[in-house]
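Residue-level listing of the chains:
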Amino acid sequence: MSVNKNGCSTRDQRGAKAILMTPDGHCLCQQQEEVCAKSVINSCGDCIRTGPFCSWCKQLNFTKPGEQEAVRCDTKAQLVKKGCNIFEIIAPENNKTTIKDVPLSTLSSQQEPVQMSPQHVSLKLRPGLPETFTVSFSRAEGYPVDLYYLMDLSYSMKDDLNNVKGLGQDLFAALKKITKDATIGFGAFVDKTVLPYTNTNKEKLLKPCDENDQQCQAAFGYRHVLSLTSSQDDFKEKVSSQFISGNLDSPEGSLDAMMQATVCEKIIGWRNNSTRLLVLATDAGFHMAGDGKLAGILDPNDEQCHLENNLYTKSNEMPSHPAEKVNFDRLYPNADRPVNQELCLPKLSSKVTLTQDVLPDNIRVAYKPNCANPKQEGSNKGVCDNVRVGEKISFDVTVTADSCMDKEKSFIISPLGVKDRLNVTISTSCECQCNDPTQEKHAHCNNQGRINCGICSCLDGFVGQLCNCSIKDKDEQSLRASCRRHNGTECEGRGDCVCGRCNCHTTEKGSSYYGNYCECDDEHCEKFQNKQCAGNGQCKCGKCICNKNFQGSVCQCSGSTEGCQTENNSVCYGRGTCTCNQCECKEGYQPPHCQTCLGCPDPCQTKLNCIECLQFNSGPFQKNCSSACVNVSHTTVEKFTISSKECRQKDSEGCWITFKLEQLLGEDNYRAEILKQKDCPEPPDVTAIIGGSIAGVAFIGILLLMLIKLLIYMKDLKEYKKFENEKKKSRWAEADNPLFQNATTTVANPTFTGE
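The rules behind the values
One numbering rule holds for all chains: residues counted from 1, following each sequence as written. For a predicted model such as this one, the threshold for reporting local features is a pLDDT of at least 70, and the threshold for listing and counting side-chain atom pairs is 80 or more; totals across whole chains, interfaces and linings nevertheless cover every residue. As a convention, hydrogens and water are excluded, and side-chain values are obtained from all of the structure's heavy atoms. Going along the chain from the N terminus, every DSSP run of H or I of four or more residues is numbered as a helix, and every run of E of two or more is numbered as a strand. Type-normalised accessible area, obtained with a 1.4 Å probe on protein chains alone, sets the label of each residue: buried when under 20%, exposed when over 50%, and partly exposed for intermediate values. In what follows, a contact means two residues having at least one pair of non-hydrogen atoms within 4.5 Å. When a carboxyl oxygen of Asp or Glu is within 4 Å of a side-chain nitrogen of Lys or Arg, the pair counts as a salt bridge. Strands are labelled as partners when DSSP assigns at least two bridges between them. UniProt positions are given in the numbering used here, feature names are shortened, and annotations may be inferred rather than shown by experiment. The arc in question is formed by the directions pointing from the helix axis toward the C-beta atoms. Here, two cysteine sulfur atoms that lie within 2.5 Å of each other are counted as a disulfide. Only rings of Phe, Tyr and Trp enter the pairing, Trp through its six-membered ring, and a pair is recorded when the two centres are within 6.5 Å. The plane angle decides the type: under 30 degrees is stacked, over 60 is edge-to-face, the rest tilted. Consider the ring centre and the ring normal. A charge sits over the ring if Lys NZ or Arg CZ is within 6 Å of that centre and within 35 degrees of that normal. Nonpolar side chains (Val, Leu, Ile, Met, Phe, Trp, Tyr) are joined into patches within 5 Å and like charges within 9 Å, using only residues with over 30% relative accessible area and no salt bridge. Areas reported as accessible are Shrake-Rupley estimates using a 1.4 Å probe. Residue values count occlusion only from the protein chains shown. We call a set of buried residues a nonpolar core when its members are Ala, Val, Leu, Ile, Met, Phe, Trp, Tyr or Cys and they connect through side-chain atoms within 4.5 Å of each other. Any N or O atom pair separated by 3.5 Å or less is treated as a polar contact, with the protein-specific requirement of one donor-capable and one acceptor-capable atom, and with residues adjacent in sequence counted only for side-chain atom pairs.

A.B. asks: Any details on the overall build of the protein? Residues and values, ideally.
C.D. replies: Each helix and strand counted, the protein has 15 helices and 43 strands in total. Buried positions account for 39% of the 755 residues belonging to the protein.

Okay, structure coming up:
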């Protein structure tokens, strides 16, 4: 046990006390019990992978006959308690190896000052067991600083441009306060020169500003103006030659500019051994990657340098890209600051942020800063503020592997804005180094197997805990299959298959598993109020056998039926069972006492045939009424005494029978009250029906004839009127017909002879 600088007692990484640190440096001591949560354990490797506190006892004869080998897996304390020699316990621990640790440099006069140590650490971790190491940092005096000023030249920044033109002297003065080796560069951006970002009219592209503005340059995406230089005059000259431009929408192309300023290292002039600062001056937001769809720009950004003649040539071909590259190259984005605001470079340089690049899968890293002014900015970074030049600080870095890894992996830890890096190489320790005897035929295994971490690994043809079962010419698979229930796990994982039969292990409490497949035990029944079988029964093969006067799946209920009693002193009206003093009704019947059935067929219809045969000796059940209607008792009444609804149904003869039913105990027992007389309607008068039918047909025939006659008359009348109208309209000419000759009459007397 040791005491840390905050006054908290600690134990080693395998101990039972954990230390939690608050942001202000105070400690919280938390007691933590070592637990080995075992699952299916068949080997030492299975045990080690189960949890960080699981250990394996390789001692021979540690397990009793028939006892499962999983008892070898437990915490170190429990194994010692069970009789395992401390030197026979396998418990892999973390191992840290410092491969490179160059001491910190205090002066920058050296060629390559070292500001962080160590530089390379190799960790071999046990899954779930954290490993902590210390990283030291001290900012070297006079360390080089590169500052690249990136400015928005859209029209809304017109007033700020004049301030920037005179900013060179102030920037250099601020840089000189933190280092004598400083360079400064300048770049500008507006927006993509396509719709809907910029007006693509030819004249507007050349002059996107107001007509009154004479000093206006053509629209552009990003332009690199001045590479990093130590000359104040060059900065002033280049910036003074810049003019305002313009675009349409409010967001600007700042992400494009930041990406190119990051990846074009040679053109910008970034130095390898410098602190890199990127200052972004804008008064508006930026376009995101999805905004490119508005202009039909769909190809992903390739994150490559595309500067030709200092102009970004792919601005209209690739969408804006989020600024992951800014973090990757350790630049300081200082976005959305007004140009005329004083740049707090000393403040930037006094803040040390230690973080990592992309972590491998299932690896966690946590940081605890050890300095005068620690800051809490997330679990994946450590921050110290107000760190003076030459002041030595440190960070406790805790690395945890959550699972086993197939191969070695690595990641980088480094302070933001500083070249120094720590390479962390990680591998996992998931196998047991048991130093087993080399004999292939060991006496402990009846000379038919070898020792593997205390367990016998049998030769072909032999099985059993001590390889004492010879299967000879038998098929081993068929023998083992006979130990599997429903083709499941061999002996349910609770025993050993010895010559085709399960030899069951003992449980952790000392009793034995039993059954043909070791499927039963008397320790794992359902609990109620943290008591097995509620303390009111015995556990038999995973099921509760309740004591007298107790019931329920876990014997949690008394045998009282008071809550199930009905008005007629029955239990649930015989239509359910009383469980835990509540009625569990049969299908369709409703709680609380199963008196009514909402989904059952209407008894007025289902019992009609019985009513007809019992009262009137007719209907479908006439011949077997006594046997078919044994569950229905009836009485003939003049007036009903039963309060249920009245049934009025038509029997097989067409008569109406009126009766009432009362359901007795059970599902299909009824008592019926039937009115003595049934209502039979009088038969129809056939003569009257036939006579009326004939008269009706005759009447309809006469009516049809009259209708036809009327239609004919109406048609003739219409034709006659039409004729009369045409007659009145006709005109007759009065003239002689030249062909007409008057008729002549000649009379001859047949008796006249001429004499």
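There's more to say after this.
A.B. asks: Give a detailed account of the environment of Lys409, specifying residues and quantitative values.
C.D. replies: With respect to the helices and strands, the residue Lys409 is situated in strand β24 (residues 409–415). On the basis of relative accessibility, which here comes to 29%, the residue Lys409 falls in the partly exposed class. In this structure, the C-alpha to C-alpha distance between Lys409 and Ile426, residues 17 residues apart in sequence, is 5.3 Å. Leaving out residues up to four positions away in the same chain, Lys409 has contacts with Pro360, Val424, Thr425 and Ile426.

A.B. asks: How would you explain the pattern of salt bridges if you had to name every residue and give the values?
C.D. replies: One pass over the structure, following the stated rule, counts 23 salt bridges. In this structure, the salt-bridge partner of Lys82 is Asp74, at a minimum N-O distance of 3.1 Å. Judged by its relative accessible area of 42%, Lys82 is partly exposed. In this structure, Arg494 engages Asp521 in a salt bridge whose closest nitrogen and oxygen atoms are separated by 3.3 Å. Of this pair, Arg494 sits in the loop between α11 (476–481) and β30 (495–498) while Asp521 sits in the loop between β31 (501–504) and β32 (527–528), and the two are 27 residues apart along the sequence.

A.B. asks: Summarise the pairing of strand β14 (residues 222–229); cite the residues concerned and give the values.
C.D. replies: Most of β14 sits out of view: six of its eight residues are buried. In the sheet, strand β13 (residues 182–189) pairs with β14 via five bridges, with the strands oriented antiparallel. Counterpart to Ala188 in the pairing with β14 is Arg223.

A.B. asks: An account of the sheet that holds strand β7 (residues 89–90) is requested, with residue identities and associated values reported.
C.D. replies: Reading across from one edge, β6-β5-β7 is the order of the three strands in this open sheet, with antiparallel pairing throughout. The open sheet terminates on both sides in strands that have one partner only, identified here as β6 (73–74) and β7. Here strand β5 (residues 55–57) pairs with β7 via two bridges, running antiparallel. Paired with Trp56 across the bridge in β7 is Ile90.

A.B. asks: For the environment of Leu129, give the residues involved together with the corresponding values.
C.D. replies: When you line up the elements, Leu129 lands in the loop between β10 (120–125) and β11 (131–138). Taking the relative accessible area as the measure of exposure, Leu129 reaches 1% and is therefore buried. Spatially, the C-alpha atoms of Leu129 and Phe53 are 8.2 Å apart, while their sequence positions differ by 76 residues.

A.B. asks: An account of the sheet that holds strand β21 (residues 374–375) is needed here, citing residue identities and associated values.
C.D. replies: Spatially, the seven strands line up as an open sheet ordered β8-β10-β25-β24-β19-β22-β21, and their pairing is mixed. Both outer strands of the open sheet, β8 (95–100) and β21, are each paired with one neighbouring strand and no more. One ladder, built from two bridges, connects β21 with strand β22 (residues 381–384); its direction is antiparallel. Looking across to β22, one finds that Pro374 is bridged to Cys384.

A.B. asks: Mind laying out the UniProt feature "transmembrane region" (unreviewed entry) in the protein, listing which residues take part and the relevant values?
C.D. replies: When the UniProt feature table is mapped onto this chain numbering, "transmembrane region" (unreviewed entry) sits at residues 686–712. Secondary structure content for residues 686–712 is 100% helix and 0% strand, while the C-alpha to C-alpha distance between its ends is 39 Å.

A.B. asks: How would you sum up helix α3 (residues 158–165)? Please name residues and give values.
C.D. replies: Residues Asp160, Leu161, Val164 and Lys165 constitute the buried set of α3. Projected onto a plane normal to the axis of α3, the buried residues spread over an arc of 145° and lie on a single side. Residues of α3 that are exposed and point more than 90 degrees away from the buried face comprise Asp159 and Asn162.

A.B. asks: Explain the state of the cysteines residue by residue, including any values.
C.D. replies: Within this structure, the stated rule accounts for 26 disulfides. Each sulfur in the disulfide pair Cys47 and Cys73 lies 2.1 Å from the other. As the torsion about the S-S bond is roughly 85°, the Cys47-Cys73 disulfide counts as right-handed. Here the residue Cys47 occupies a position in helix α1 (residues 44–50), and Cys73 occupies one in strand β6, the gap between them amounting to 26 residues. In terms of burial, Cys47 and Cys73 fall into one category: buried. The side chain of Cys557 participates in a disulfide bridge whose partner is Cys580; the two sulfur atoms lie 1.5 Å from each other. Residues Cys557 and Cys580 are joined through a disulfide that is right-handed, its torsion about the S-S bond being 80°. You can see Cys557 sitting in strand β37 (residues 557–558) and its partner Cys580 sitting in the loop between β38 (576–579) and β39 (582–585), a full 23 residues away along the chain.

A.B. asks: Explain the packing of aromatic side chains residue by residue, including any values.
C.D. replies: Scanning the model with the defined rule gives three aromatic pairs in all. Here Tyr149 and Phe186 contribute two aromatic rings whose centre-to-centre distance is 6.3 Å and whose plane-to-plane angle is 10°, an arrangement assigned as stacked. With Tyr149 in strand β12 (residues 145–152) and Phe186 in strand β13, this pair connects stretches of sequence that are 37 residues apart. The exposure class of Tyr149 is buried, given its relative accessible area of 2%. Measuring from centroid to centroid gives 6.1 Å for Phe186 and Phe235, while their planes differ by 80°, and the two rings are edge-to-face. Remark: Phe235 occurs in helix α6 (residues 232–240) and Phe186 occurs in strand β13; sequence separation between them is 49 residues. In textbook terms, an aromatic cluster arises when at least three aromatic residues are bridged by ring pairs, as seen for Tyr149, Phe186 and Phe235. The ring centre of Phe220 lies 4.4 Å from the NZ or CZ of Arg223, which sits over that ring.

A.B. asks: For a nonpolar patch on the surface, give the residues involved together with the corresponding values.
C.D. replies: Taken together, the side chains of Phe699, Ile700, Leu703, Leu704, Leu707, Leu710, Leu711, Tyr713, Met714 and Leu717 present a nonpolar region at the surface, about 1,000 Å² in accessible area. Note that Met714 resides in helix α15 (residues 686–729). Met714 sits in the partly exposed class, given a relative accessible area of 45%.

A.B. asks: Kindly report on the pairing of strand β27 (residues 455–458), identifying the contributing residues and their values.
C.D. replies: Pairing of strand β26 (residues 449–452) with β27, which is carried by four bridges, proceeds in the antiparallel orientation. The residue of β27 that forms the bridge with Gly449 is Cys458. The turn linking β26 back onto β27 is made up of two residues, and Cys453 within it adopts a positive phi angle of 55°.

A.B. asks: Outline the nonpolar core, listing residues and values.
C.D. replies: Ranked by size, the top nonpolar core spans 29 residues in total, and within it Leu147, Tyr149, Met151, Leu153, Phe186 and Phe235 carry the most contacts. Elements that contribute at least two residues to this core include exactly β12, α3, α4 (168–176), β13, β14, α6 and β15 (275–281).

A.B. asks: Now, about the environment of Ser231: what can you tell me, with residues and values included?
C.D. replies: Here Ser231 lies in the loop between β14 and α6. In this structure Ser231 comes out as partly exposed when scored by relative accessible area, which is 23%. Measuring from C-alpha to C-alpha, the distance between Ser231 and Ala182 comes to 9.7 Å, with 49 residues separating the pair along the chain. A polar contact is formed between the side chain of Ser231 and the backbone nitrogen of Asp234, at a distance of 3.2 Å.

A.B. asks: Pulling in residues and values, what's your account of the side chain of Asn301?
C.D. replies: Its location among the elements puts Asn301 in the loop between β15 and β16 (307–308). One polar contact links the side chain of Asn301 to the main-chain amide nitrogen of Glu303, over a distance of 2.8 Å.

A.B. asks: Provide a residue-level description of the side chain of His442, including the pertinent values.
C.D. replies: Within the element layout of this structure, His442 appears in the loop between β25 (422–428) and β26. By relative accessible area, His442 is classed as buried at 15%. Polar side-chain contacts of His442 include one of 3.0 Å to the backbone nitrogen of His444. The contact partners of His442, leaving out residues within four places of it in the chain, are Leu60, Pro437, Asn447, Gln448, Gly449 and Ile451.

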